[in-house]
6 protein chains.
Amino acid sequence: MKHNYDNYSLVVGRFQPLHRGHMDVICKCAEASEHITIGIGSAQCSHTPENPFTSGERYMMINKALRDEGIDNYSIVPIEDLNRYPVWVAHVVSLVPPFKIVYTNNPLTRRLFEESGFEVRASPLYNREVFSGTEIRRRIANDEEWRSLVPEAVAKVIDDIDGVNRIKQISGSNDSPF
Amino acid sequence: MKHNYDNYSLVVGRFQPLHRGHMDVICKCAEASEHITIGIGSAQCSHTPENPFTSGERYMMINKALRDEGIDNYSIVPIEDLNRYPVWVAHVVSLVPPFKIVYTNNPLTRRLFEESGFEVRASPLYNREVFSGTEIRRRIANDEEWRSLVPEAVAKVIDDIDGVNRIKQISGSNDSPF
Amino acid sequence: MKHNYDNYSLVVGRFQPLHRGHMDVICKCAEASEHITIGIGSAQCSHTPENPFTSGERYMMINKALRDEGIDNYSIVPIEDLNRYPVWVAHVVSLVPPFKIVYTNNPLTRRLFEESGFEVRASPLYNREVFSGTEIRRRIANDEEWRSLVPEAVAKVIDDIDGVNRIKQISGSNDSPF
Amino acid sequence: MKHNYDNYSLVVGRFQPLHRGHMDVICKCAEASEHITIGIGSAQCSHTPENPFTSGERYMMINKALRDEGIDNYSIVPIEDLNRYPVWVAHVVSLVPPFKIVYTNNPLTRRLFEESGFEVRASPLYNREVFSGTEIRRRIANDEEWRSLVPEAVAKVIDDIDGVNRIKQISGSNDSPF
Amino acid sequence: MKHNYDNYSLVVGRFQPLHRGHMDVICKCAEASEHITIGIGSAQCSHTPENPFTSGERYMMINKALRDEGIDNYSIVPIEDLNRYPVWVAHVVSLVPPFKIVYTNNPLTRRLFEESGFEVRASPLYNREVFSGTEIRRRIANDEEWRSLVPEAVAKVIDDIDGVNRIKQISGSNDSPF
Amino acid sequence: MKHNYDNYSLVVGRFQPLHRGHMDVICKCAEASEHITIGIGSAQCSHTPENPFTSGERYMMINKALRDEGIDNYSIVPIEDLNRYPVWVAHVVSLVPPFKIVYTNNPLTRRLFEESGFEVRASPLYNREVFSGTEIRRRIANDEEWRSLVPEAVAKVIDDIDGVNRIKQISGSNDSPF
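Residues numbered from 1 in each chain as written. Chains lettered and ligands numbered in written order. Predicted model: local features only at pLDDT ≥ 70, side-chain atom pairs only at ≥ 80, totals over all residues. Heavy atoms only, no water.

A closer look at the overall build of chain A
When you go through chain A residue by residue, the secondary structure sums to seven helices and five strands. Here the C-alpha atoms of chain A give a radius of gyration of 16 Å, agreeing with the 16 Å that 2.2 N^0.38 yields for 178 residues. Taken over the C-alpha atoms alone, chain A extends approximately 55 × 40 × 25 Å along its principal axes. Counting the 178 residues in chain A, one finds 62% classified as buried. Look at the contacts in chain A between residues 6 or more apart in sequence, and 66% of them connect residues 24 or more apart. Split by element, the accessible area of chain A, about 6700 Å² in all, is 46% carbon and sulfur. Separation of charge centres in chain A, based on 20 positive and 24 negative side chains, amounts to 3 Å. (Helix = DSSP H or I, 4+ residues; strand = E, 2+ residues; numbered from the N terminus. Rg over C-alpha atoms; globule rule 2.2 N^0.38 Å. Buried < 20%, exposed > 50% of the residue type's maximum accessible area, 1.4 Å probe, protein only. Contact = heavy atoms within 4.5 Å. Areas by Shrake-Rupley, 256 points an atom, 1.4 Å probe, with all protein chains shown as cover. Lys, Arg positive; Asp, Glu negative; His and termini not counted. Charge placed at Lys NZ, Arg CZ, Asp CG, Glu CD.)

Quick look at the structure:
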C-alpha cells in the first residue's frame, strides 16, 4: 500500500536567525504532524544586514535546537530562491520530502500553495514584535540584549561563527560589495 | 524581392492589466502599421502586488480585447527580462517578428532602441493618471470601481481567474514567500 | 459563468524550421480544438546547427503558414528553456493561454504533463524520416532539395533572412564562438 | 570554547538512486565521524534518464534508509549545481553544516577540495560495476532484477512514486521536452 | 622558485564614472604595490541612472587615465556580479591575476575578504562628498559643472560616447524598460 | 573630434592555455592595429579537462607573454559565456573597449559579427595541429613534451600554479564533481 503522507507538513522561513517564535510554531507542528519539513528559504543569501547567516549556519541552528527539544520527526531542506512565483510551489515540491499541509501566515505563500491545491493552515500565533528576525538583528547590531529571544543552541552557533561581529560589521553596508 | 518590413511596429508594456489607455495606443498603431507586435514585458513575473497576472493571463487579455475590436494584423510575444540593458534590444529583436518602428514613452526604452538605430516614436497620449496599471490594481485591492478602466474582455479574464481575490490577498505581501 | 477551456489544446515543438509534418499536426489539432496554442520551444536558441533560427523568425514562419491555410483560432507563444523538469509544466502553464489537452509524441513531455494531471494525446502520425527538422537542415547545408518539405511561407521567410547561407556557414561550427 | 568540528565529514553524490554501495560508504563514514553530512548533488535535476528522481525523492530515500540502519548522526542537504568550479567548494561550504573531512573518489571533487585546503579521503571500496546508479537505472528500464542492489527503503520509495514507469517512459527520451 | 605575489594588490569599484578620488587611491596603491589589479564591479550593468556606463566604456576610462599618469604596473578586469556573497571572494579570485592585499573602505567587501583570509587595508582618504559617482551623475543630469571632478581622459570618453545625453535621457527613468 | 576607433581590433579565444599559435596571431594583429583587445572566452570555466585554467590564470599568461614581446597596445578582457547567440555580439561589445575589426577563423563567430555589421578578417594561419590547446593539454596529461609549444611566460605560470598536476588529476574526470 502506498504511503499517503496525509499528515506530513511543511514550514518555510528564512530563519535569520531561528528564534523562540519560530520554535513555538515548529514544536506545535511537529507534535501535530507525523513528519515536518522545515524549509530554509533564500538559502543562497548571507552576509547582508537582512540575511547575515549562510544556509549551512541556519541548518546548524535548527538542527541543534530541535535536538535539544527532543524532536526527531523532521527534515531540514535549504531552498534557493527561484524568482518565478508561478513555478515556485513546483520548485519547493521537487526539493523536499512529501507533504500535504503547509503552515504559514505569509499571504503570498498562502495564495501560491492554495492555487496549487495544498491545504494551508495559519501558523500558531506568538508575539511577533519581539520574536522577529529584524528585531534580533537590530539588537545584535546595537549591543542590546538578544540572547533571551533565541534558543540556547542558536546563541551558541552565533558565537561559534563570530556572528555578532559579522552583523555589526555589515550593518553599515549598503548590501553590495561595491 | 525581400520584404522590407518598413511599416512593422513594436509596442512593449507589462499590461498588469491591459487597460483602455493601452488599447488606445495599440489601436492607433495597428491602424498606422502594416503589422504590430505587442511585447508582454517581464513575462516571468506574476503573483506580486506590482505584477499580479501571469504572462499567459495577460496574453489572453490582449488577444480577446483586440479581437473584440476587429483588429487582426498583430502578433503577441511574451518577453522575459534579461537584466543586461546593453543586450536588451538584441534580446527583444531575437524573440519577435521583424519591426522597424518602436512606440514608447519610456526614456530607457527610447534610449536603448535609439542607440541600436531603430526609429522610436512617442506613444499617443492618454489620461495616464487614471488609465494606469498602478491605479487599477489599487482600486481592485480596495474594492473601488475599476471595470470602466479596462476593456470588457479584460474584466472577464480577471473574473475567470479569480483575479480580484488574488490581488486582494497578495496586496499585503512584501513580495517574498518568506 | 466561467469559461472552462475544455477544448483548448497545446502543441509544443522547436520548429527549426516549421515543416509540412508539423503543419499536418497543427491543422488537425486546430480543427479538433476550439483554440490551439503553438509553443515555440528553446526560444532562446539560434545560430547553431541544431537551432539555426531565432524565436522571432520561427514565429513569422508559423504565423504566415497558418494564415495561408486560413486557420485563425490559434496563439503562438515562445517558451524559453527552464532546465528544471519538475517545474517545467508550471513554467509552460504560466506563459501560455489556458489549455486542457496536450498533443505530443515526446515521452518526456508526455510524462511531465501526465504527472501534472493534463490529458495528453499522441500527435497524428506523419512521415517522420523525411518531414524532420534534422533532415531539412542537412539538405540545406548540402545544397539538396528542401523546399518541398516546408510550407511556401516558410521557404519565403528563410530566403528573406538569408537563412540558407546562415545554415551553411555555421554547419561546420562546434556550437561555440571560441 | 568553540566547537572545532574536526571530526565532521562530508559525502557528496547524486544518489540516482541511493544504492548499497553508497550505503556502505555512508555507514562506515558515519561510524568514523562525529557527524556526517550527505550532500545531494545536482539537486535541481530530475525526470531525465541520467537523473530520474527529484531531490525531494532522493532525500526520502536517504533519510529512510539511514533510519532503518539506526544511524542518526547525519544531516542531508540538497546542493544545486553551480557550474563554476573555482567557486564550487565555497558554494558547498555555505549550504551545509561545518565539516573538515571529505570522502570522495571523484578526481575533480578531490582536486577542488584539496585546492581549498580540506582533508580528502578516498571512499571505502565496493563493487562499483554492480553497485552503480547507471546499472540500476538500466536494469529498471529493461525489466531486469534491481531490487537487491538498493536498500529496502529505497525500493519502497521508488514504488510509492511510480518510479519504475517513470524511468521506462523517459528512457527513450533525448533529454529535452521538444 | 615560485612567485609569491606578496605585494600584488586589488582595488574594486564600480567606477560610474572613474573620478579623481578613485585616481588618488589607485595611484597611491600602484606606487606601494608591485602590481595592482583594478576590478570593475557590476560589469554587466549599464544604461541606468546608477550605472550609466558599460563595462567596456569604464575599461577605456581607467586605461586611458592611468596611461596619462604614466602608470603601467596594473591590470583591469571586469567582474560581473554573482549575488551569493559566500562565494563572491572565490569568484573574484578566479577572474583576476593573483593578489594578497585588498584596498577597500566598504564594510561588506572588508568582511568577505577577511573571512577568506586576505589582508585588507583601508583605502587612502579623499573628499568623498564631492568625489563621488553619485554627485558626478547628479551634476551631469542637471547641467552643472562636473569635468573638474574626473580625469581629463574620462571626460573625453564620456564625450565620445555621448554620455551626457545618455545620463540626461535615462535620469527620469525608473530603471526598467517597461 | 570624436575618436573613430577604425583601427581597433578584437581577437577572442579560450586560451587553455595561450600557445605560440595564438601569440603569432596576436603579434601580427597588434602590429597591424592601433589597439588590440584580447577577449578571454568562457571566462567562468576552469578545472575541467577542456578548460583547466581560470580566467585569472589565463589573464596572467597573456599579460606576461605580451610584455615579454614588448607589445603594449593591448587590453585583456575576460568574457563570461552568455549562451544566447543572437545577443552575444552585443554582450561582447558591452564588455570590451571599442573595436571595428574582428580576427577569427571560427565560423559561428564570423557569422555573428557579420550579421551585426562588423568587419571580420581571417586570422593569420599557423600549424593548427601542433599549436592547439587540445594537443597541449593531452601532452601535459601524458607527460609528453609540451613546453616548446607555449611562450616561456606561460610555462612559468603553469608551474607556479601547479598546473601540470591539476591537469593530470582531472584528466580522468567526467567533468562533474558528482
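Examining the relation of the copies chain E and chain F
With an RMSD of 0.0 Å, chain E superimposes on chain F once it is rotated by 180 degrees and translated 0.0 Å along the axis. Here the transformation between the copies is reduced to the relation of a two-fold axis. Within chain E, V77 of chain E has its C-alpha nearest the rotation axis, a separation of 3.2 Å. Taken as a fraction of all interface residues of chain E, those also at the interface in chain F reach 100%, which identifies the copy contact as same-surface. (Least-squares fit on C-alpha atoms with pLDDT ≥ 70 in both.)

With respect to the interface of chain E and chain F
Contacts between the two partners involve 33 residues from chain E and, on the opposite side, 33 residues from chain F. Across the chain E/chain F interface, buried area totals approximately 2200 Å², and carbon plus sulfur atoms make up 49% of it. Here chain E is connected to chain F by 14 residue pairs in polar contact (both at pLDDT 80 or more). Elements represented by at least two residues in the side of chain E that touches chain F include exactly helix 2 (55–68), strand 3 (74–78), helix 3 (85–95) and helix 6 (152–160) of chain E. A per-class count over the side of chain E that touches chain F returns 14 nonpolar, ten polar and nine charged. (Buried area = accessible area lost by both parts, 1.4 Å probe. Polar contact = N/O pair within 3.5 Å; in protein donor to acceptor, adjacent residues only side chain to side chain. Nonpolar A, V, L, I, M, F, W, Y, C, P; charged D, E, K, R; others polar.)

Topic: the interface of chain A and chain D
Contacts between the two partners involve 31 residues from chain A and, on the opposite side, 31 residues from chain D. In total, about 2200 Å² of surface goes out of reach between chain A and chain D, with carbon and sulfur atoms giving 49% of it. Taken together, the links from chain A to chain D amount to 14 residue pairs in polar contact (both at pLDDT 80 or more). Broken down by secondary-structure element, the contributors of at least two residues to the side of chain A that touches chain D are helix 2 (55–68), strand 3 (74–78), helix 3 (85–95) and helix 6 (152–160) of chain A.

Section: the nonpolar core
Ranked by internal contacts, the top residues of the largest apolar core, which has 114 residues, are L18 and F113 of chain A together with L18 and F113 of chain D. In contact with F113 of chain A, not counting residues within four places along its chain, are L10, W88, V89, V92, F99, V102, F118 and V120 of chain A. (Core = buried A, V, L, I, M, F, W, Y, C linked by side-chain atoms within 4.5 Å.)

Concerning the relation of the copies chain A and chain D
Mapping chain A onto chain D is achieved by rotating through 180 degrees and translating by 0.0 Å along the same axis, at an RMSD of 0.0 Å. In this assembly, 100% of the residues forming the interface of chain A have copies in chain D that are likewise at the interface, indicating an isologous arrangement.

A word on the packing of aromatic side chains
Summed over the entire model, instances satisfying the criterion amount to 30 aromatic pairs over all chains. A ring pair is formed by Y5 of chain C and Y8 of chain C, whose centres lie 4.9 Å apart and whose planes are at 80 degrees; its orientation type is edge-to-face. Here Y8 of chain C falls in the buried class, since its relative accessible area comes to 6%. Taking the centre distance of 6.0 Å and the plane angle of 80 degrees together, the rings of F99 of chain C and F113 of chain C count as edge-to-face. Placement of the pair is F99 of chain C in the loop between helix 3 (85–95) and strand 4 (101–103) and F113 of chain C in helix 4 (residues 107–115), with a sequence separation of 14 residues. Overall, the relative accessible area of 6% leaves F99 of chain C in the buried class. You can call F113 of chain C buried: its relative accessible area is 0%. By way of ring pairs, the aromatic residues W88, F99, F113 and F118 of chain A are connected into one cluster. (Phe/Tyr/Trp six-rings, centres within 6.5 Å; stacked < 30°, edge-to-face > 60°.)

What to know about the packing of helix 2 (residues 55–68) of chain B against helix 6 (residues 152–160) of chain B
All names here are of chain B. Packing of helix 2 against helix 6 leaves a shortest axis separation of 8 Å and a crossing angle of 145 degrees. Along this stretch, helix 2 crosses helix 6, giving a crossing that reads as right-handed. Contact residues: helix 2 offers E57, M60, M61, K64, A65 and D68, while helix 6 offers A153, V154, V157 and I158. Split by residue class, the contact of helix 2 with helix 6 holds seven nonpolar, no polar and three charged. (Axes fitted to C-alpha atoms, helices over the stretch in contact; angles between N-to-C directions. Left-handed = near helix turned anticlockwise from the far one by under 90°.)

Details of unusual backbone geometry
Look at the link from Q16 of chain B to P17 of chain B: it is a cis peptide, with omega at -5 degrees. Here the phi dihedral of S42 of chain B falls at roughly 50 degrees; this positive angle occurs in a residue that is not glycine. Residue placement: S42 of chain B occurs in the loop between strand 2 (35–40) and helix 2. For F15 of chain F, which is not a glycine, the phi torsion comes out positive at approximately 55 degrees. Relative to the helices and strands, F15 of chain F resides in the loop between strand 1 (8–13) and helix 1 (20–32). Relative accessible area serves as the criterion here: at 3%, F15 of chain F is assigned to the buried category.

Observations regarding the pairing of strand 1 (residues 8–13) of chain B
Residue and element names in this part refer to chain B. Here strand 1 lies mainly inside the structure; six of its six residues are buried. Side chains Y8, L10 and V12 of strand 1 all project onto a buried face; the interleaved residues S9, V11 and G13 project onto the opposite face, where all are buried too. For strand 1 and strand 2, the ladder comprises six bridges, and the chain directions are parallel. Considered in strand 2, the bridge of L10 is made with T37. The parallel pair strand 1 and strand 2, bridged by helix 1 (residues 20–32), forms a crossover whose chirality is right-handed. In terms of strand pairing, strand 1 meets strand 4 (residues 101–103) through three bridges, oriented parallel. Bridged to L10 within strand 4 is V102. (Pairing = 2+ DSSP bridges. Right-handed = clockwise from strand over helix to strand, strands pointing away.)

Here's the deal with the sheet that holds strand 4 of chain C
Residue and element names in this part refer to chain C. Ordered by their spatial adjacency, five strands build an open sheet running 3-2-1-4-5, and the pairing between neighbours is parallel. The open sheet has two edge strands, strand 3 (74–78) and strand 5 (119–121), and neither has a second partner. Across the sheet, the axes of successive neighbouring strands diverge by a mean angle of 25 degrees, strand direction being ignored. By the bridge criterion, three bridges tie strand 4 to strand 5 in an arrangement that is parallel. Bridge assignment links Y103 to a residue of strand 5, and that residue is R121. Across the sheet, helix 2 (residues 55–68) lies against strand 2 (35–40) and strand 3, angled at about 170 degrees from strand 3, the strand it touches most.

Remarks on the confidence of the model for chain A
Across chain A, pLDDT averages 92, with 96% of residues at or above 70. Listed scores for the predicted complex are pTM 0.92 and ipTM 0.91. (pLDDT = per-residue confidence, 0-100.)

Some details on the side chain of S33 of chain F
All names here are of chain F. If you trace the backbone, S33 turns up in the loop between helix 1 and strand 2 (35–40). Among the polar contacts listed, one links the side chain of S33 to the backbone oxygen of C29, at a separation of 2.8 Å. Apart from the residues lying within four places of it in its own chain, the contact partners of S33 are N7, S9, N73 and Y103.

Examining the arrangement of the chains
Separating chain C from chain E is a minimum C-alpha gap of 18 Å, and the two share no contact. At their nearest point, the C-alpha atoms of chain A and chain F are still 18 Å apart, with no contact between the two.

Overview of helix 1 of chain B
All names here are of chain B. Compared with the 18 Å implied by 1.5 Å per residue over 13 residues, the 18 Å span of helix 1 between its first and last C-alpha is a close match. Residues of helix 1 that are buried: G21, H22, M23, V25, I26, C29 and A30. The secondary structure elements touched by the buried residues of helix 1 are strand 1, strand 2, helix 2 and strand 4. (Expected span 1.5 Å × (residues − 1).)

Focus on the environment of D143 of chain B
Residues and elements named next belong to chain B. Here D143 is to be found in the loop between helix 5 (133–141) and helix 6. The exposed category is assigned to D143, whose relative accessible area is 60%. Measuring from C-alpha to C-alpha, the distance between D143 and F113 comes to 39 Å, with 30 residues separating the pair along the chain. A polar contact of 2.6 Å, which involves the side chain of D143, links it to the side chain of K168.

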